[in-house]
Amino acid sequence: MKKIIIIIGSVLGGILVLLLGVSLYVSSLLTEEFVVQQIESNFNLRAELKELDVGLFSGASVQLKGVALGPRDSVANQGKPLGERKPMKNKVISAESMELSLQLMPLLDSQLVVEKFIFDQPVLNLAMRANGTNNMGSLFKTPRVVDGKRNPALDEKPASASNTNEPFRAADLGIAGELEKVGLNDGTLNLRLASGDRLKFKQLNLYLTDIVVDAADLENKNSANLELDTNVFVTSRASGKEIAQFILRSDGEIQPFDPKTGEVALNLRYDLTMKESSFMTGFAVMDQLAGRLPDLKKAGVDMKEIAKKAELIRDVEVDLEYGRGLLKILNDPTFPTRHYDLAILKGSTIKLGDSTHRFKGSVLASENETNKAFKNLDEEIKRALKGTSVDPVELRNKALNKIIKDGRIHLDFTSKGALRNPNVDLLVNLPELSDIIKSAGGDILKGKLDAEINKVLPGGAGEQGKKLIDDALNKLPF
């Protein structure tokens, strides 16, 4: 028994010494200089790294501090030593630190188990193009020049040339994988749209957790939980002012790969919560629906207040699909504000690249805003029919019954084109105010004539006279 204990102790001691030796050896190879050289030799970018720590005991762990990636320049092309470089400008991606930790033992069984892959306090500066691409894609192409010479990788013929441009698939992982947590912690995303408008994501916490992927069984093992917590500030290119703030939260399951093709899922579906107190100002669609549309102007409907700042009075759940720069709404959310409720129907889209959209929806003005609009309209009718017994409220309700719902103005509409200058159309035909008044005038005249006819032509003769009057009135231009 004693011999067995001695043997086991010797084996464990040998493994410990081996791990220590491997750790020291790997640490001597993985230097800041080496990591930067490897990154710049394989990708079309310039890299920056201030500090590197490597550990290989309970598991493999790598921590990078002062990480930055940016457009490739002459410094990266020449492969200058880090000590001779000036600080990088025009950083696209940077982070205070990046931490990667994985378990070693599962690798022996062809299992990749990543415990953590987190970017701490990252800053991303992205620019969207009208076609849905962005400035990050070019960073990860093969560089043309490495160490001052033509990159030899450009002259190498791959084993299967036809596969070089094929999309990445789950099978390319080679092994099944599990990732406990990967993402961005307390980050900032500066996003410039092709339209020139800017979005700033502050306090961005974005994580994928409980990631399980098995290329051989994507139907059952192909999932990840998405967690999002951020505040988005929107700045208009035209005014340079902040026009919106969205408080966003999300927590739900996604599929990283398409089960049928095995390729990375181009369209991700997830549930998003837009929190109470999120707001928007200068929303051009609402400016139009406030009374600027020709049909509304002619009908005398003016709701100036709904063009003001719109702030959510409760949380709203939105089901989304995003891919290739296109945001698509998958449910029928209603956004309640103090002045109105805005409903956007399923299938409505926003193209982030050029800030264009296609909406189908409706706006329901608040009771207070409806009363203000109708008060002005009623006063117009009163002035036009002064001295008559016509009830302006009854006349208005009769003429505008198509846009009154539960005593409130309700407008169904479509909107498309640029968000800052949309083409908005009402889905109902409204009568002109002049026609409403003319119609009332015709009714008044008819009533007076009927009364006079009954005085001089009683009975059947009176009814026949009324018919002749009706036919004559129908030919009048009101």
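All of the points below concern the structure found in this document. Everything numeric in this text was worked out from a predicted model, so none of it was measured.

**Considering the overall build of the chain**
- Check the secondary structure of the chain and you find nine helices and 24 strands.
- Counting only residues that meet the buried cut, the chain has 38% of its 478 residues in that class.
- By sequence separation, contacts in the chain at least 24 residues apart represent 62% of the contacts at least 6 residues apart.
- For the chain, the accessible surface area stands at approximately 27800 Å², while carbon and sulfur atoms represent 53% of it.

**Structural notes on the side chain of Asp378**
- Position of Asp378 among the secondary structure elements: in helix H6 (residues 367–384).
- Side chain to side chain, Asp378 and Arg396 meet in a polar contact 2.7 Å long.
- When near neighbours in sequence (up to four residues on either side) are disregarded, Asp378 contacts Pro392, Val393 and Arg396.

**Comments concerning the packing of H6 against helix H7 (residues 392–399)**
- Direction vectors running N to C along H6 and H7 enclose 115 degrees, while the axes themselves pass 9 Å from each other. Taken as axis vectors, H6 and H7 run roughly perpendicular relative to one another. By crossing handedness, the relation of H6 to H7 is classed as right-handed. Across from Phe374, Leu377, Asp378, Ile381 and Lys382 in H6, the residues of H7 making contact are Pro392, Val393, Leu395 and Arg396.
- By residue class, the composition of the contact of H6 with H7 is six nonpolar, no polar and three charged.

**Quick look at the nonpolar core**
- Met286, Leu289, Val301, Met303, Ile403, Ile409 and Leu411 are the most contacted members of the largest nonpolar core, which has 83 residues in total.
- Non-local contacts of Met286, meaning those with residues more than four positions away in its chain, are made with Ile306, Ala307, Tyr340, Leu342 and Val363.

**Things to note about unusual backbone geometry**
- A positive phi is found at Arg324, a non-glycine position, where the angle reads about 55 degrees.
- Tracing the chain through its elements places Arg324 in the loop between strand S16 (316–323) and strand S17 (326–329).
- Even without a glycine there, the phi angle at Ser355 is positive, about 55 degrees.
- Along the chain, Ser355 falls in the loop between strand S20 (349–351) and strand S21 (356–365).
- Accessibility expressed as a relative area gives 8% for Ser355, which makes it buried.

**Describing the side chain of Asn331**
- Its place among the elements puts Asn331 in the loop between S17 and strand S18 (334–336).
- Looking at Asn331, its side chain comes within polar contact range of the main-chain nitrogen of Asp319, at 3.1 Å.
- Discounting residues that sit within four places of it in the chain, Asn331 has contacts with Glu317, Val318, Asp319, Ile344, Leu345 and Lys346.

**Some thoughts on the pattern of salt bridges**
- Tallied over the entire structure, the rule returns 14 salt bridges.
- With a closest N to O distance of 3.0 Å, Lys308 and Glu305 form a salt bridge.

**Observations concerning the pairing of S16**
- Sheet topology places strand S13 (residues 268–274) next to S16; seven bridges connect them, and they run antiparallel. Within the sheet, the bridge partner assigned to Met274 lies in S16 and is Val316.
- Of the pairings in the sheet, the one linking S16 to S17 comprises four bridges and is antiparallel in character. When the sheet's bridge partners are listed, Gly323 is paired in S17 with Leu326.

**Quick word on H6**
- Its 18 residues give H6 an end-to-end C-alpha distance of 26 Å, which sits within 8% of 26 Å, the value for a rise of 1.5 Å per residue.
- Turning to H6, its buried residues are Glu369, Thr370, Ala373, Phe374, Leu377, Asp378 and Ile381. Each buried residue of H6 lies within a common arc of 165 degrees when the element is viewed along its axis, so the set occupies one face. Opposite the packed face of H6, turned more than 90 degrees from it, sit the exposed residues Lys375, Lys382 and Arg383.

**Some points on the packing of aromatic side chains**
- Applying the stated rule across the entire model yields two aromatic pairs.
- Their ring planes at 75 degrees and their centres at 5.7 Å tell us that Phe43 and Phe140 sit as a pair that is edge-to-face. Residue Phe43 is located in the loop between helix H2 (32–42) and strand S1 (45–48), and its partner Phe140 is located in the loop between strand S6 (123–127) and strand S7 (145–146); the two are separated by 97 residues in the primary sequence.
- Residue Phe43 is classed as partly exposed on the basis of its relative accessible area of 32%.
- Relative to Phe119, the ring of Phe117 lies with its centre 5.5 Å away and its plane at 50 degrees, an arrangement referred to as tilted.
- If you follow Lys202 out to its NZ or CZ, it ends over the ring of Phe233, 4.7 Å from the centre.
- The ring of Phe279 carries the charged tip of Lys309 above its face, separated from the ring centre by 4.4 Å.

Rules used in this analysis
Residues numbered from 1 in each chain as written. Predicted model: local features only at pLDDT ≥ 70, side-chain atom pairs only at ≥ 80, totals over all residues. Heavy atoms only, no water. Helix = DSSP H or I, 4+ residues; strand = E, 2+ residues; numbered from the N terminus. Buried < 20%, exposed > 50% of the residue type's maximum accessible area, 1.4 Å probe, protein only. Contact = heavy atoms within 4.5 Å. Areas by Shrake-Rupley, 256 points an atom, 1.4 Å probe, with all protein chains shown as cover. Polar contact = N/O pair within 3.5 Å; in protein donor to acceptor, adjacent residues only side chain to side chain. Axes fitted to C-alpha atoms, helices over the stretch in contact; angles between N-to-C directions. Parallel < 35°, antiparallel > 145°, perpendicular 65-115°, else oblique. Left-handed = near helix turned anticlockwise from the far one by under 90°. Nonpolar A, V, L, I, M, F, W, Y, C, P; charged D, E, K, R; others polar. Core = buried A, V, L, I, M, F, W, Y, C linked by side-chain atoms within 4.5 Å. Salt bridge = Lys/Arg side-chain N within 4 Å of Asp/Glu carboxyl O. Pairing = 2+ DSSP bridges. Expected span 1.5 Å × (residues − 1). Arc of directions from axis to C-beta. Phe/Tyr/Trp six-rings, centres within 6.5 Å; stacked < 30°, edge-to-face > 60°. Lys NZ or Arg CZ within 6 Å of the ring centre and 35° of its normal.

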